[in-house]
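Examination of the molecular architecture
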Amino acid sequence: MSIPRDVSEFLENYPDNDDDPSACENYEFYSNERRCRPDNRLIDEIHEEWMGDYDVLEYKHGYIQWLFPIQEYGMNFASQPLQRHEIETMKAKAVILDRILSSYKMMLDFYGMRLISVDSGLVDRSLPPRNYESRYRNLVRKSIPSNI
C-alpha cells in the first residue's frame with residue numbers, strides 16, 4: 001500500500017518547503033498578538049471562551065489550523081503554513097508551549113478525553129458527566145481511511 005503524498009511529506013518533514021523568515025503569523029498568534037482568521041480571536045480568547053463550548057468547536061472550523069498549524073496549506077487558506085523558524089522560536093518560549101498544551105487539552109476535552117501526564121502523554125476518558133460520544137464517534141469514523 002502506498003503512502004499518500006501529504007502523509008509522506010509530513011513524515012519527511014516537508015523536504016521541499018523553504019523557510020520564509022518574513023512569515024511569522026503562527027508565532028504571533030501563539031504569542032497572543034494576532035487574531036486568527038476567520039474567527040477573529042486571540043489564542044487566549046479561544047481558550048477562555050471556547051473551552052467546553054462544544055457547539056462552537058464542532059461547527060466553526062477556521063480555528064483548527066491556527067491551533068495546530070502544519071507546514072502546508074490546509075482547508076483554511078487564511079492561515080499561514082508553519083515555518084521552520086517559527087517552530088524553533090515557539091519551542092523556546094514557555095508561555096507559547098503552555099498555550100499549545102492548552103489547545104491540546106481543549107481538543108482532548110472536546111473528544112471526551114483528558115491528559116493524565118504531560119511527561120508521558122498518557123490520556124484517559126473524561127470524567128463524567130461529559131457527553132462526548134457523538135463527537136468521538138465522528139472522530140473515529142473520519143479517521144478511518146475510505147479505502148479500507
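Report on the accompanying structure. Model, not experiment: these values are computed from the prediction.

Thoughts on the overall build of the protein chain
- On a plain count of helices and strands, the protein chain comes out with eight helices and two strands.
- Order of helices (α) and strands (β) in the protein chain, N terminus to C terminus: α-α-α-α-α-α-α-β-β-α.
- For the protein chain, with 148 residues in total, the buried portion stands at 34%.
- Contacts spanning at least 24 positions in sequence make up 52% of the contacts within the protein chain whose residues lie at least 6 apart.
- A total of about 9700 Å² of accessible surface is found on the protein chain, and carbon and sulfur atoms cover 53% of it.

Side note on the side chain of Q71
- Relative to the assigned elements, Q71 resides in the loop between α5 (64–67) and α6 (84–91).
- For Q71, the side chain forms a polar contact with the side chain of N13, separated by 3.2 Å.
- Here Q71 is in contact with N13, Y14, N17, P81, L82, R84 and I87, once residues within four sequence places are set aside.

Section: the layout of surface pockets
- Considered as a void within the structure, the second largest pocket measures approximately 210 Å³ in volume.
- If you trace the second largest pocket, you find it lined by Y30, L67, F68, P69, L82, I87, M90, K91, L97 and I100.
- For the lining of the second largest pocket, the secondary-structure elements that each account for two or more residues are α6 and α7 (94–110).
- Looking at which element gives the most residues to the lining of the second largest pocket, the answer is α6, with three residues.
- When its residues are assigned to classes, the lining of the second largest pocket shows nine nonpolar, no polar and one charged.

Things to note about the pattern of salt bridges
- In total, this model carries nine salt bridges according to the counting rule given.
- The shortest N-O distance in the salt bridge between D44 and R99 comes to 2.9 Å. Pair noted here: D44 is in helix α3 (residues 43–50) and R99 is in helix α7, with a separation of 55 residues, a long-range link.
- By relative accessible area, R99 is classed as buried at 12%.
- Note that E88 and K91 form a salt bridge whose closest N and O atoms lie 3.6 Å from each other. With a gap of three residues between them, E88 and K91 both fall in helix α6, about one helical turn apart.

Definitions and limits used
Residues numbered from 1 in each chain as written. Predicted model: local features only at pLDDT ≥ 70, side-chain atom pairs only at ≥ 80, totals over all residues. Heavy atoms only, no water. Helix = DSSP H or I, 4+ residues; strand = E, 2+ residues; numbered from the N terminus. Buried < 20%, exposed > 50% of the residue type's maximum accessible area, 1.4 Å probe, protein only. Contact = heavy atoms within 4.5 Å. Areas by Shrake-Rupley, 256 points an atom, 1.4 Å probe, with all protein chains shown as cover. Polar contact = N/O pair within 3.5 Å; in protein donor to acceptor, adjacent residues only side chain to side chain. 1 Å grid on protein atoms, 1.4 Å probe; cavity = no way out; pocket = protein on both sides within 12 Å on 5 of 7 lines; lining within 4 Å. Points joined across faces, edges and corners; volume = space filled by probe spheres on them. Nonpolar A, V, L, I, M, F, W, Y, C, P; charged D, E, K, R; others polar. Salt bridge = Lys/Arg side-chain N within 4 Å of Asp/Glu carboxyl O.

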